[in-house]
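Spelled out, the chains give:
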Amino acid sequence: MLEARNISKSFGGIRVLKSIAFDLQPGEVHALVGENGAGKSTLVNILSGALRPDSGELLWDGRPMQLRDPRHARALGISSVHQELALVPQLSVAENVFLGRHPVARGLVNFGEMHGRTRRVLAELGREIDPRRLVAELSLADRQIVEIARAVAFESRLIVMDEPTAPLSEHDAQALFRSIRLLRARGVALIYISHRLREIFEISDRVTVLRDGSHVFTRPTSEVTQEELVRAMIGTELKERLESRAASRAQSEEALRIEGPVRLTVHRGEIVGLAGLAGAGSTELLEGLFGAHGRASAEVLVDGRRVRLRHPADAIRSGIALVPDDRKAKGLVLGASVQHNIALAAGRKRFLVRRSLEERAARHWITALRIRAAGPGQPVVYLSGGNQQKVVLAKWLFAGARVFLLDEPTRGIDVGAKAEIYDRIRMLAGEGAAVLMASSELEELLALADRIVVMHRGSIAGELTREEATEEKIMHLATGGVD
Amino acid sequence: MSGLLRRFGPLLGLLILCAALGGASDRFLTADNLLNVFRQSAVNAMISLGQLAVIITGGIDLSVGSILGFCCVMVALLMHAGVPPAIAVAAALAIGLALGAINGILLTKLHLPHPFIPTLGMMNVARGLALVVSGGFPISELPSGFRFLGAGSIGWIPAPAILVVLCCAAFSVFLGRTTIGRDIYAIGGNRQAARLSGVPVDSRLILVYALSGLTAAVGAIVLAGRMNSGFPLAGVGAELDSIAAVVIGGASFLGGVGTVSGTLVGALLMGVLRNGLNLLNVSAAWQTVVIGVVIVAAVWVDVVRQRAAERTERIG
């Protein structure tokens, strides 16, 4: 029903799309994969009317079409569900679904009809959410469904989903997939962008790979192996690097010990994984350990010494670092330069800023972590997600941290950057640092962690060594099962 | 190119304005008149420095005009009571600093939702106190040694202009070269990330509001010296002039952005505009209209420039 032919697009002389061909059938989930910068967003923006191609043509039901803007695309039945949710939290579910086109009766909003229609749309997606509830009260997973419901209520025939599962736990992602399958059964076509390859195999019918702005292939997903897909995306075999399990270098000295409602120790050179469903409490645990919520309720020992953590500054003085789950909201000063961000935690001991030293440090980490930036002075807002995350990491490496609390360290970043961050985490452990790492991607924990601690509703449900850990056992503990 | 334009855009605007006014009035581009502009702009420039620091943190200080009024009355009253000028000046500075610090403490420790609230409160309290202690009347005839700071000159350079330059230099080093200054930018850029990087956000904010109170007190001393009196309605509306100077100078209300040089240019631009319109016999009422238009136009130009810069940066 949609066909794109020879689509090209350049920005400032750089060709980001080179004669791309793409087509979409009704009732199909078409995965679009590629590293960051491969051209996925540009292509999707062209298909949803946000950008115009420099050349090439779009056909909609076999007829040429020119999309003026996203409004026009929506009117034709093309909607996007964005990574950054575009909902108004202070309004109800129904008001969000019908935002901008409330059903009206005699000049007034017809709430009865609005609630009824919202309930029907949500039922079509297999979810029961009270249309009267405020969006602010909903979980991230439910908010996403509200966004999708909005697209469905618009009678959309094509829905673009950009990294919909990035903020979701495994469990919520499954619920999302059920909704996607219901949509597919009704003949809606979906373009599905994700960095999680396993999801692509689970949900998509066909997959298109882009690399450096070129079309690599489009094939039925069932005929592609994961290796083929990864190789097509990155051109080299990164898979091994992603999954290699280096031997544990854990030493006997305790680097971090928590004694409270949650009891946990991390040794020097050890990577401990924290698994759990969304809301199981790993973010609260890590941020609490860092003093982010005021006085920590637990006793914390670093290198055997009791430390008082009332403010992140206390944690930093004790050599603790936190890579937060949301780098844009908590990790970076987006408008500030790479250099400023890298120096933010380390450089506070002195009164005067030592610019030359900080510039040298920034250049060092840009090279060492292979941060793709124009230079130390470039604002981090212009970097890709993976490079932004490396800046967050560089901040703590420069600050000389010895205990690393990593909360979803590879959320929403491409495979290449992910492999580099894995390498760096292993290197940190190899140098004797202690790593406590929470992730909702089980493969990631299985690949990196020496031990996996599973959380359930704010407390520890169990612990698995790297030898005994499997996805099934982790999920069993995470959903409240007992050994 | 766009970087240069961003840096010197406000300055370019100022120069164009000066050239235009020089063409329109032969009295504008005389040494006497330009020195006069510096003297007239000094008070606003001074307050704007503190306001700049506040706006960089993403805040706003509505109380500077009233703090200026209160300090103006207090310094005059103290000298009338026989306190030596140096001590009276020190006391006025301490009062400004303390009132500003109270703003910061109210903001951070009472968790008031926005700096608008505590500084709006302080704006009323300080103005009220100025009227109470003065009984509503100006306190005139101040010692000549004191008046030097507002009305004197060193050679042909007005003393307040020298004071402004010194304070600009100090603020420039403070904001640009010290770790505390950098914390201030980081707080405005992303408060949460700054906190999670170990920045003591609360104490930095208290310091920033205290400094804003301090610069208002310095402004009060210059103004009292120039007018040879402490009058309780001094600085009415000064908070808005200082905000205008800061935003004309390229600072962002969203926080994290702003420079001392831009702010100084912003304050001079407003001074030049007022002076030039006076020379051209434009009525005070129309002057207000023009200044309103200039504020919006200056910020709009900045927005356009920023968008253009973003477009080139994103591709690079």
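Model, not experiment: these values are computed from the prediction. (Residues numbered from 1 in each chain as written. Chains lettered and ligands numbered in written order. Predicted model: local features only at pLDDT ≥ 70, side-chain atom pairs only at ≥ 80, totals over all residues.)

## Concerning the overall build of chain B
Then comes step 1: Assigned secondary structure in chain B consists of 13 helices and four strands.
Then comes step 2: Here the C-alpha atoms of chain B give a radius of gyration of 19 Å, agreeing with the 20 Å that 2.2 N^0.38 yields for 316 residues.
Then comes step 3: For chain B, the C-alpha atoms occupy an extent of roughly 65 × 55 × 35 Å along the three principal directions.
Then comes step 4: Buried residues in chain B amount to 51% of all 316 residues.
Then comes step 5: Put simply, 78% of the contacts in chain B that link residues at least 6 apart link residues at least 24 apart. (Helix = DSSP H or I, 4+ residues; strand = E, 2+ residues; numbered from the N terminus. Rg over C-alpha atoms; globule rule 2.2 N^0.38 Å. Buried ≥ 20, exposed ≤ 12 C-beta atoms within 10 Å, placed from the backbone. Contact = placed C-beta atoms within 7 Å.)

## So, helix H11 (residues 238–248) of chain B
Then comes step 1: Of all 11 residues in H11 of chain B, 10 are buried, a share of seventy percent or more.
Then comes step 2: Positive phi shows up at Gly250 of chain B, right after H11 of chain B, with a value of about 95°.

## Here we look at the interface of chain A and chain B
Then comes step 1: Between chain A and chain B, the contact holds 30 residues from the first and 23 residues from the second.
Then comes step 2: Every element with two or more residues in the side of chain A that touches chain B is listed here: helix H11 (312–317) and helix H12 (327–331) of chain A.

## A closer look at the packing of helix H4 (residues 85–109) of chain B against helix H10 (residues 201–227) of chain B
Residues and elements named next belong to chain B.
Then comes step 1: Relative to each other, H4 and H10 sit at 145°, their axes nearing to 7 Å. The handedness of the crossing between H4 and H10 comes out as right-handed.
Then comes step 2: In terms of residue class, the contact of H4 with H10 is made up of 21 nonpolar, seven polar and one charged. (Axes fitted to C-alpha atoms, helices over the stretch in contact; angles between N-to-C directions. Left-handed = near helix turned anticlockwise from the far one by under 90°. Nonpolar A, V, L, I, M, F, W, Y, C, P; charged D, E, K, R; others polar.)

## A short note on the domain arrangement of chain A
Residue and element names in this part refer to chain A.
Then comes step 1: The domains assigned to chain A are domain 1 (2–239) and domain 2 (242–478).
Then comes step 2: The centre of domain 1, based on its C-alpha atoms, is set 31 Å off from the matching centre of domain 2.
Then comes step 3: With 17 residues of domain 1 at the interface, the matching set in domain 2 holds 17 residues.
Then comes step 4: Looking at the side of domain 1 that touches domain 2, the elements with two or more residues in it are helix H6 (170–185) and helix H8 (226–234).
Then comes step 5: A per-class count over the side of domain 1 that touches domain 2 returns six nonpolar, five polar and six charged. (Domains from an automatic or database assignment.)

## Overview of the sheet that holds strand S1 (residues 2–11) of chain A
Residue and element names in this part refer to chain A.
Then comes step 1: Spatially, S2-S1-S4-S5 is the arrangement adopted by the four strands of the open sheet, whose pairing is antiparallel. Every other strand in the sheet has two partners, leaving strand S2 (14–24) and strand S5 (63–65) as the edge strands with one partner each. Going from strand to strand, the sheet's axes swing by 30° on average, the running direction of each strand aside.
Then comes step 2: Of the pairings in the sheet, the one linking strand S4 (residues 55–60) to S5 comprises three bridges and is antiparallel in character. In the sheet register, Leu58 faces S5, and the bridge partner there is Met65. (Pairing = 2+ DSSP bridges.)

## Quick look at the pairing of strand S6 (residues 78–81) of chain A
In summary, the side chains of a regular strand alternate between the two faces of the sheet.
All names here are of chain A.
Then comes step 1: Taking every second residue as pointing to the same face, both faces of S6 are buried, with Ile78 and Ser80 on one and Ser79 and Val81 on the other.
Then comes step 2: In this sheet, strand S9 (residues 158–162) lies alongside S6 in parallel orientation, the contact comprising four bridges. Counterpart to Ser80 in the pairing with S9 is Val160.

## Things to note about the pairing of strand S22 (residues 459–465) of chain A
Residue and element names in this part refer to chain A.
Then comes step 1: Across six bridges, the pairing between strand S21 (residues 451–456) and S22 is antiparallel. Within S22, the position partnered with Val453 by the bridge is Glu463.
Then comes step 2: Here S21 hands over to S22 after two residues, with Arg457 in that stretch at a positive phi of 50°.

## A few points about the sheet that holds strand S15 (residues 271–275) of chain A
Consider a sheet: its strands pair through backbone hydrogen bonds, and that pairing is either parallel or antiparallel.
Residues and elements named next belong to chain A.
Then comes step 1: Across the sheet, which stays open at both edges, the six strands sit in the order S18-S19-S20-S15-S21-S22 with mixed pairing between neighbours. With one partner strand each, in any of the chains shown, strand S18 (320–323) and S22 form the two edges of the open sheet. Sheet twist, expressed as the mean angle between neighbouring strand axes with direction ignored, is 20°.
Then comes step 2: Alignment of S18 against strand S19 (residues 403–407), held across four bridges, turns out to be parallel. Bridge pairing in S19 places Ile320 opposite Val403.
Then comes step 3: Contacting S15, S19 and strand S20 (434–438), helix H16 (residues 415–430) runs over the sheet at an angle of about 145° to S20.

## A word on the nonpolar core
Then comes step 1: By size, the foremost hydrophobic cluster in this structure holds 242 residues, and its most contacted members are Val435 of chain A together with Cys71, Val75, Ala217 and Ala220 of chain B.
Then comes step 2: A per-element tally of this core places H10 of chain B first, with 16 residues.
Then comes step 3: Counting contributing residues per domain, this core is built from domain 1 (2–239) and domain 2 (242–478) of chain A, each supplying no fewer than three.
Then comes step 4: Each residue touching Ala217 of chain B, except ones within four places of it in the same chain, is listed here: Ile67, Cys71, Ala92, Leu93, Ile95, Gly96 and Leu97 of chain B. (Core = buried A, V, L, I, M, F, W, Y, C linked by C-beta atoms within 7 Å.)

## Regarding unusual backbone geometry
Residues and elements named next belong to chain A.
Then comes step 1: A positive phi is found at Asn6, a non-glycine position, where the angle reads about 50°.
Then comes step 2: One non-glycine residue with positive phi stands out, namely Ser19, at about 45°.
Then comes step 3: When you line up the elements, Ser19 lands in strand S2.

## Some remarks on the environment of Leu436 of chain A
All names here are of chain A.
Then comes step 1: With respect to the helices, strands and loops of the structure, Leu436 is situated in strand S20.
Then comes step 2: Between the C-alpha atoms of Leu436 and Arg457, which are 21 residues apart in sequence, the distance is 18 Å.
Then comes step 3: Ignoring anything within four residues of it in the chain, the contact list for Leu436 reads Leu256, Val266, Val272, Leu274, Leu286 and Leu405.

## Comments concerning helix H2 (residues 31–56) of chain B
All names here are of chain B.
Then comes step 1: Where H2 bends most, the angle comes to about 45°, and this point is Ala42.
Then comes step 2: Within H2, 19 of the 26 residues are buried, which leaves it mostly tucked inside the rest of the structure.
Then comes step 3: Positive backbone phi, approximately 90°, marks Gly58, located one or two places after H2. (Bend = angle between axes of the 7 residues up to and from the residue.)

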